[in-house]
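Each chain, letter by letter, is given below.
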Amino acid sequence: MSNDQYYSIGQAAKICNISVQTLRYYDKLGLVIPSDTDKLTGYRYYSNRDLLYIKIVQDMKMLHLSLDEIGVMLRSDSLDVLYTTLESKQKETLEEIKKLEQTFKSIEQRTAQIAMLQELGNGLKELEVLIELKRFPDRHVVFDRGQYACGMEPSIVKFTELFGKVEAIGASPGHIMTVYHENIMTFDRAESDLEYCILLDNVGQEAAYTRIIPEGDYITALYCGIPNDISCKRIYSKLLQWIEDNGYIEWGASIEHYIVDMAQMMKPEEFIVELQVPIRKALTL
């Protein structure tokens, strides 16, 4: 054995800037096997060609090829196999890029939404409640309507189930809402005709549990805090007074729209809620 052509495992590790443990692992996998092993001492010795293979493995790892893929390529010693492997990895990488871009957009939207909520929340603390007349377009939702208890805990259970349904139809979830199909001033919170909804940012597939809340005019009240029996009735009464004073009539089920990021569900005191009452102009004789 010529010493200027062979290197100990420590020397090979230093030359290739790799750990001895990694070289032993490559040997165990059969990925890069030292060209010579001293029968008496068991010491491994790497040739210049072995060093080349180590550098090839490092280069292929930089391209995010798995050790299994690298092993197949090295054993084949074929440019055709290398080309096919890299072509496949290129397609896989493009798919990963698309997923990362979508993740980036989602994070960007979430951070912008949180910034908006913080600014909106600070303003609302000074105003207490902001009443506005709005026109909403058709709103696609995933929904669950039934005789349900009204409260934070049962709502969380229902919304969790609905998020699963949103995922099942390949849609993107938006804000969450509760539709009151009973009079807010008199309904029984223990059991009422309630409809839990999640707005869909993109429609996805139609299903039995999707519907459209039709376009219409609403008088809305935006406020901060935990929606409860007292706050809900207090805000609703303000809207009823506005409706009466401005020549409108109530025209359908009221909606409690929670303008919150899902992370804020843990801090309900920071909720921003918009109560939306559908209206139309009263007929005049």
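Residues numbered from 1 in each chain as written. Predicted model: local features only at pLDDT ≥ 70, side-chain atom pairs only at ≥ 80, totals over all residues. Heavy atoms only, no water.

Summed over the entire model, instances satisfying the criterion amount to 13 salt bridges. Notably, a salt bridge pairs Arg 135 with Glu 215, separated by 3.1 Å at the nearest N-O pair. On the criterion of sequence distance, the pair formed by Arg 135 in strand E4 (residues 129–136) and Glu 215 in the loop between strand E8 (210–213) and strand E9 (216–224) is long-range, its members being 80 residues apart. Taking the relative accessible area as the measure of exposure, Arg 135 reaches 49% and is therefore partly exposed. We classify Glu 215 as partly exposed; its relative accessible area is 47%. The salt bridge involving Arg 211 is made with Glu 195; its shortest N-O contact spans 2.6 Å. One end of the pair, Arg 211, is in strand E8; the other, Glu 195, is in strand E7 (residues 192–202), and 16 residues separate them in sequence. Looking at Glu 195, the relative accessible area reads 2%, which means it is buried. (Salt bridge = Lys/Arg side-chain N within 4 Å of Asp/Glu carboxyl O. Helix = DSSP H or I, 4+ residues; strand = E, 2+ residues; numbered from the N terminus. Buried < 20%, exposed > 50% of the residue type's maximum accessible area, 1.4 Å probe, protein only.)

Attention now goes to helix H6 (residues 152–168). Residues that lie three or four places apart on an α-helix share one face, since the helix turns once every 3.6 residues. The end-to-end C-alpha distance of H6 is 24 Å, a good match for the 24 Å that 17 residues give at a rise of 1.5 Å each. Ser 155, Lys 158, Phe 159, Leu 162 and Val 166 are the residues of H6 that are buried. Along H6, the residues classed as buried sweep out an arc of 100 degrees about the axis, all on the same side. Opposite the buried face of H6, at more than 90 degrees from it, the exposed residues are Glu 153, Thr 160, Glu 167 and Ala 168. (Expected span 1.5 Å × (residues − 1). Arc of directions from axis to C-beta.)

This part is about the sheet that holds strand E1 (residues 6–8). In space, the 3 strands of this open sheet follow the order E1-E3-E2, with antiparallel pairing throughout. At either margin of the open sheet sits one strand with a lone partner, and together these are E1 and strand E2 (36–37). Bridge count between E2 and strand E3 (residues 44–47): 2 bridges; the pairing is antiparallel. Paired with Asp 36 across the bridge in E3 is Tyr 45. (Pairing = 2+ DSSP bridges.)

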